[in-house]
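# Structural description and commentary
Here are the chains, one letter per residue:
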Amino acid sequence: MKKYDVTGIGNALVDIEFKVTDQFFLENGVEKGLMTLVDEERQNSLMGVINTAEAKKQAGGSAANTIVAVSQFGGKSFYCFRVADDELGHFYLKDLNDSGVDIALVPERLENGVTGKCLVMVTEDSERTMNTFLGITQNFSVKDIHESAIKDSKYLFIEGYLVTSPNGKEAMLHAKKAAEEAGTKVALTFSDPAMVKYFKSNFDDVIGPSVDLLFANEEEAMLYTGKDNLLEAREEMKKAAKHFVITQGKNGAMIFDGDTFIDIEPYKTTAIDSNGAGDMFAGAFLYGITNGHSYASSGKLASMASSQIVSQFGPRLQWHQAKDILARLNP
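Conventions and cut-offs
- Residues numbered from 1 in each chain as written.
- Predicted model: local features only at pLDDT ≥ 70, side-chain atom pairs only at ≥ 80, totals over all residues.
- Heavy atoms only, no water.
- UniProt positions renumbered as here; feature names shortened; annotations may be inferred.
- Helix = DSSP H or I, 4+ residues; strand = E, 2+ residues; numbered from the N terminus.
- Polar contact = N/O pair within 3.5 Å; in protein donor to acceptor, adjacent residues only side chain to side chain.
- Contact = heavy atoms within 4.5 Å.
- Axes fitted to C-alpha atoms, helices over the stretch in contact; angles between N-to-C directions.
- Parallel < 35°, antiparallel > 145°, perpendicular 65-115°, else oblique.
- Left-handed = near helix turned anticlockwise from the far one by under 90°.
- Nonpolar A, V, L, I, M, F, W, Y, C, P; charged D, E, K, R; others polar.
- Pairing = 2+ DSSP bridges.
- Buried < 20%, exposed > 50% of the residue type's maximum accessible area, 1.4 Å probe, protein only.
- Core = buried A, V, L, I, M, F, W, Y, C linked by side-chain atoms within 4.5 Å.
- Salt bridge = Lys/Arg side-chain N within 4 Å of Asp/Glu carboxyl O.

- Where an unreviewed UniProt entry is consulted, the protein appears under the name Adenosine kinase, with the organism given as Algoriphagus taiwanensis.
- The protein has a UniProt comment under Sequence similarities (unreviewed entry) that states "Belongs to the carbohydrate kinase PfkB family."

### Some remarks on the side chain of serine 307
- Within the fold, serine 307 resides in helix α11 (residues 295-310).
- Within the structure, serine 307 has its side chain in polar contact with the backbone oxygen of methionine 304 (distance 2.8 Å).
- Those residues in contact with serine 307, other than ones at most four positions away along the chain, are Tyr267 and Thr269.

### Examining the packing of helix α8 (residues 218-225) against helix α9 (residues 230-237)
- Running from amino to carboxyl end, α8 crosses α9 at an angle of 65°, the nearest separation of the two axes being 9 Å. Of the possible angle classes, the one that applies to α8 and α9 is roughly perpendicular. Crossing of α8 over α9 shows left-handed handedness. In contact with Glu218, Ala221, Met222 and Thr225 of α8, α9 contributes Leu230, Ala233, Glu236 and Met237.
- Class assignment of the residues belonging to the contact of α8 with α9 gives a composition of five nonpolar, one polar and two charged.

### With respect to the sheet that holds strand β13 (residues 261-264)
- The eight strands are arranged β5-β1-β8-β9-β10-β11-β12-β13 in an open sheet whose pairing can be described as mixed. Two strands bound the open sheet, and with one partner strand each, they are β5 (77-80) and β13. Sheet twist, expressed as the mean angle between neighbouring strand axes with direction ignored, is 20°.
- Relative to the sheet, helix α10 (residues 277-289) contacts β1 (4-9), β8 (153-159), β9 (185-189), β10 (211-217), β11 (241-247) and β12 (253-256), its axis offset from that of β10 by approximately 150°.
- Seen against the sheet, α11 touches β8, β11, β12 and β13 and runs at an angle of roughly 25° to β13.

### Considering the pairing of β5
- On β5, burial covers both faces: Ser77 and Tyr79 on one face and Phe78 and Cys80 on the other are all buried.
- The pairing of β1 with β5 spans four bridges and is parallel. Note on β5: the bridge partner recorded for isoleucine 9 is cysteine 80.

### Focus: helix α3 (residues 62-72)
- Summarising burial for α3: 11 of the 11 residues are buried, a large majority.
- For α3, the complete set of buried residues consists of Ser62, Ala63, Ala64, Asn65, Thr66, Ile67, Val68, Ala69, Val70, Ser71 and Gln72.
- Phi for glycine 74, located one or two positions after α3, is positive at around 110°.

### Describing the nonpolar core
- Ranked by internal contacts, the top residues of the largest apolar core, which has 61 residues, are Phe73, Phe81, Tyr92, Phe285 and Leu286.
- At eight residues, α10 tops the list of elements feeding residues into this core.
- In terms of nonpolar packing, the next biggest core, distinct from the first, is built from 45 residues, Ile158, Tyr161, Val163 and Ile246 among them.

### Quick notes on the UniProt feature "domain: Carbohydrate kinase PfkB" (unreviewed entry) in the protein
- Using the residue numbers shown here, the UniProt feature "domain: Carbohydrate kinase PfkB" (unreviewed entry) corresponds to residues 51-317.
- End C-alpha to end C-alpha, residues 51-317 measures 24 Å, and it is 39% helix and 21% strand.

### So, the pattern of salt bridges
- For the structure on display, the rule yields 15 salt bridges.
- A salt bridge links aspartate 102 to lysine 76; the shortest N-O distance between them is 3.6 Å. Here the residue aspartate 102 occupies a position in the loop between α4 (87-98) and β6 (116-122), and lysine 76 occupies one in the loop between α3 and β5, the gap between them amounting to 26 residues.
- You can call lysine 76 partly exposed: its relative accessible area is 33%.
- The salt bridge partner of aspartate 144 is arginine 82, with a shortest N-O separation of 3.1 Å. Of this pair, aspartate 144 sits in the loop between β7 (128-133) and α5 (147-151) while arginine 82 is found in the loop between β5 and α4, placing the two residues 62 residues apart along the sequence. Each member of the pair aspartate 144 and arginine 82 is classed as buried.
- A cluster of three or more residues bridged by salt bridges with shared partners is formed by Asp22, Lys32 and Asp125.

Written out as structure tokens, the structure reads:
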């Protein structure tokens, strides 16, 4: 028996989420609908023109959102990350601890620097636009990997955003090797279409012969496989992963369980904020398959959870919401 269901590795970012109009993007030169890496000066200039009093602040980053979701549904999770010895770094540690996620970092061991921040700008059409200053998390490296946690986990979950730096890619490869040697299954998420578009060769290196589980949305699946339709893309995806999930937004999701394709129906919802929907799907799905649920049942749970997330502001469920969703899955 392994101690953890999932150990994750990824960028640690404090998400600062707020509502904006399309006019805000025009006035401030922000490209809508994308995740854009910016320097600290650019991020600070944007923060100077937003109403931070109404902003929602949480410990985030793609993999962190997924790992918190695993915990909220009742799973046991661990997270490997890097934050600085500043106000937001201490906030990050407390938020993960309060979310039931095991971590190795303590305030006394934090390094000097600036904790990464992600400005999440949500428009009325529920689309999210992110401007990210990585701060100290851009130095995430092999030394931030806790092999003991990976070896004592059913799954290692790797965030795709790490492919942008040589040290991040090295950490991904190191963690994957440690997992494979310990019989821990490896799950990878592409994280963002831009990551696939500009760093495909890095993903090829990390995936190697195969991964156990791959998460992608439709655009990422087609970009990675070089196919212009989903039917061809999903066949090509079999070469990269033993199992995979392709999320399809309002159309639900498609799961390959190693033998057959399973269509996961969407749940009716009124979308107001798409931030974190993919992260939530991955977290709920990982919880399911590590806690006795079938791929179909795990997909249903993930679809229910992500439909709840897009109907509210922010990338995280309340604890009672996770329990309610589980109760609906198992009436």
